[in-house]
Each structure stands twice: as structure tokens, then as C-alpha cells.
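Remarks on the overall topology
Letter by letter, the chains look like this.
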Amino acid sequence: MPFLDAQQVKFHRQQLMELGYTVVKGVWNEDFTSEMRDWSNTLIDKNPPDEKFRFQGSDIHIFTEDRWDRRVHLELSSTRMPDANAARMIDHPTQAQVCKDMGFGLTSAQEWVILLSKPPDALQCYWHQDYTNWNSPESLTPWPTVLSLGYYLSDTNRSNGCLRVIPGSHRRRHELHDLIPTPHDSEVQQMTDLSGPTFSEHPDAIDIEASAGDLVLVDARLLHSTWDNISEERRTLLLMWQRIFQDGAIPPWWEGELPIPLRNLDPQEKYEETKTPGDLLRP
Ligand SMILES: O=C(O)CCC(=O)C(=O)O
Ligand SMILES: [Fe+2]
């Protein structure tokens, strides 16, 4: 049985394409959400956050047991471990149903879940985006090709470090693109002066408040950051990545024009990866 009706599908697709994000309410039920909350609390208590990741909080990668068995370079540590819950989240049946309803087609899911937990008094995250294929015309697709699927384990708002985004910045250059350092590199991780644009309260930014168990879908190209956590509770996010519409695939439900550079996209051609948008991204 579908989770989303036709009108909801239209709404969420439109938001995802025009704004770069959408929130599907109540995908994890209360039981599953509270089970993941208890499990993640134990994990975080055992592996307290490292100061190096002060803009993320705890940054723990939990691998499916299959992926862990195939590991080559991975070593067990306080931030890298296998757990059966990873597959339960990645293969969650309601999430799979939402992806089916949305018409995401063939998806390729990363085989680990990222746990990002901001303790009380944690700093905000910096403005960044998480896309790495900016040299390719694929970076101009109206639909996402790299998508994060996230669940907050508490209701989020400005005072406990909710997500904030620049709507539309996944497809249009925004002034922040040229004012911020390369995402996740040591330069930004080591910043101590938080008064500049990288940590600014930009007037174009909006808060995304989610309830515990909502599915927050974000296009990897979207500029985002978080607020700091000034509450007394930790704020935990469980995040998964999926690739969709790969190798030039066009969603069967897409009815608009294709951006010109995309019409000639050769899926065989390989572009050098870069985390920084170049000339292809226009205002
Ligand atoms: O901690 C958060 O809410 C945001 C984390 C983030 O940057 C992301 O989801 O890619
Ligand atoms: Fe991010």
C-alpha cells in the first residue's frame, strides 16, 4: 500500500526539485524511533564526541554487517563499527515505500549510517554542501542524483540545533558559494573565528524543523548548516545517502525541458571530482 498519495507525491517532488529539500512526516513510527534513540544514546555515551568534530558533534559511522565483512581499510574504532541496526534503517520498509511512491527508481544506497549528535552547548555547523561532481553537467539536473535521508530523534528547532538551508541553492549559485571554504576540509574544521560568512545568519536561510521520526530528504547540492544546540538535551540525527537517477537517467515523471548542458551528457565521460561548484552553476 502506498504511503504517499498522488497529491503528496507531487508536493514532495516539487519541493525537492525547486527548494532542494522536503520533509515526509512520520516515516519512522514511535516504537522504531524510540528504539533507535535508546540504541544511539548508549553508543554516544560509550563514545563521547571528539573536539575535532566540534561542528558536527558525534560523527559515528555504523556499517551494515555485510559491508563490514567486505572491509579492506576499515578498522574498528570509537567512530567506525558494524551494527545490525544499520541494515534495519537502510532497508526500512516504510522508507522503501516512500522512495517507491516518489518514483526514485533504481537506488543505490550507501551501506552505512552516519550518526551526528550535538551535545548540549554544541556549536553550529558551518555552511556547506555535500556534492562532489560539480564539474559534470549532471550537477545541473532538476532532480537530485545524490540524496540524504535523515531522521532526527527529537523534535528539532532553532534552540536545539535544527538544520537550516538556503532554498534553491542546489541549482542556482548563491553568494555564499563564493564566500565559504571547501566543505569538510581541515581548513573549515579548524576555524576558530565564527564571525564570518561561513557561520553567518544569512537572510536567505530558513530553518527546517522536523519532528522525531520524520524523513528529511535533502539534495546533496543544497547549501545547509545547523544552529547551535543551546538546549539541555542532545540532538541526534541518523543519516543515510542514496544515489538515484544515475548515469544520465531521466525520471519517467519529468515533464519539463532539460537544461542545455544536460541534453548532451555522455554518461561514459568521467569528470574530475570537486566539492566546489565551478562555472556550470549560475545565479
Ligand atoms: O547535523 C545536521 O543536522 C546536519 C548535518 C549535515 O550537514 C548533513 O546532513 O549533511
Ligand atoms: Fe552536510
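Scoring rules and cut-offs
Numbering of residues begins from 1 in every chain and follows the order in which that chain's sequence is written. The naming scheme follows written order: chains are lettered A onward, ligands numbered 1 onward. Local features are withheld for residues below a pLDDT of 70 in this predicted model, meaning they are given only at 70 or higher, and side-chain atom pairs are given and counted only at 80 or more; totals for whole chains, interfaces and linings count all residues. Exposure in this text rests on C-beta crowding, where 20 or more other C-beta atoms within 10 Å of a residue's own make it buried, 12 or fewer make it exposed, and counts in between make it partly exposed. The C-beta atoms are placed from the backbone. Strands here mean DSSP runs of E at least two residues long; helices mean DSSP runs of H or I at least four residues long; both are numbered from the N terminus. Strand pairing is assigned whenever DSSP identifies at least 2 bridges connecting the two strands. Think of a nonpolar core as buried Ala, Val, Leu, Ile, Met, Phe, Trp, Tyr and Cys residues chained together by C-beta atoms that fall within 7 Å. By the criterion used throughout, residues are in contact when their C-beta atoms, derived from the backbone, lie within 7 Å. Between N-to-C directions, angles span 0 to 180 degrees; the directions come from axes that are lines fitted to C-alpha atoms, helices contributing only their stretch in contact. Defining nearness, a residue is near a molecule or strand when the C-beta atom obtained from its backbone falls within 6 Å of it. Classification used: nonpolar for Ala, Val, Leu, Ile, Met, Phe, Trp, Tyr, Cys and Pro, charged for Asp, Glu, Lys and Arg, polar for all others including Gly.

We now examine the pairing of strand β5 (residues 112-118). Looking along a regular strand, one sees side chains alternate from face to face of the sheet. In terms of residue burial, β5 counts as a mostly covered element, since six of its seven residues are buried. With six bridges connecting them, strand β2 (residues 58-63) and β5 associate as antiparallel partners. When the sheet's bridge partners are listed, Ile-62 is paired in β5 with Val-113. Direction of pairing for β5 relative to strand β11 (residues 235-244): antiparallel, over a ladder of five bridges. Bridge pairing in β11 links Lys-118 to Arg-235.

Turning next to unusual backbone geometry. In the Ramachandran plot, His-184 falls in the positive-phi region, its phi being about 65 degrees despite a non-glycine side chain. Assignment of secondary structure puts His-184 in the loop between β7 (163-165) and α6 (186-189). Residue classification places His-184 among the partly exposed positions, given that 14 C-beta atoms sit within 10 Å. One non-glycine residue, Phe-245, lies in positive phi territory at about 45 degrees. Assignment of secondary structure puts Phe-245 in the loop between β11 and α7 (260-263).

All right, on to the nonpolar core then. Counting residues in hydrophobic clusters, the biggest one holds 55 residues, and the most contacted among them are Tyr-21, Val-113, Leu-215, Val-216 and Leu-217. Leave out the neighbours within four places in its chain, and Val-113 touches Ile-62, Ala-86, Met-89, Ile-90, Leu-238, Leu-239 and Met-240.

Hydrogen bonds along the backbone pair up the strands of a sheet, which may run parallel or antiparallel. Pairing in this open sheet of three strands is antiparallel, and the strands run β8-β7-β10 from one edge to the other. Bordering the open sheet on either side are β8 (206-208) and β10 (224-226), each of which pairs with just one other strand. Strand-to-strand twist in this sheet, taken as the mean axis angle between neighbours without regard to direction, amounts to 35 degrees. Sheet topology note: the β7/β10 ladder contains three bridges and is antiparallel. Looking at β10, one finds that Leu-163 is bridged to Thr-226.

With that settled, consider the site of ligand 1. Surveying the vicinity of ligand 1 reveals the residues Leu-116, Cys-125, Asp-130, Ser-148, Gly-150, Leu-163, His-224, Thr-226, Leu-237 and Leu-239. Among the secondary structure elements, those contributing two or more residues to the shell around ligand 1 are β6 (146-152), β10 and β11. Along the lines of polarity and charge, the residues of the shell around ligand 1 split into five nonpolar, four polar and one charged.

It is worth stressing that arrangement in space is one thing and function is another; only the former is reported here.
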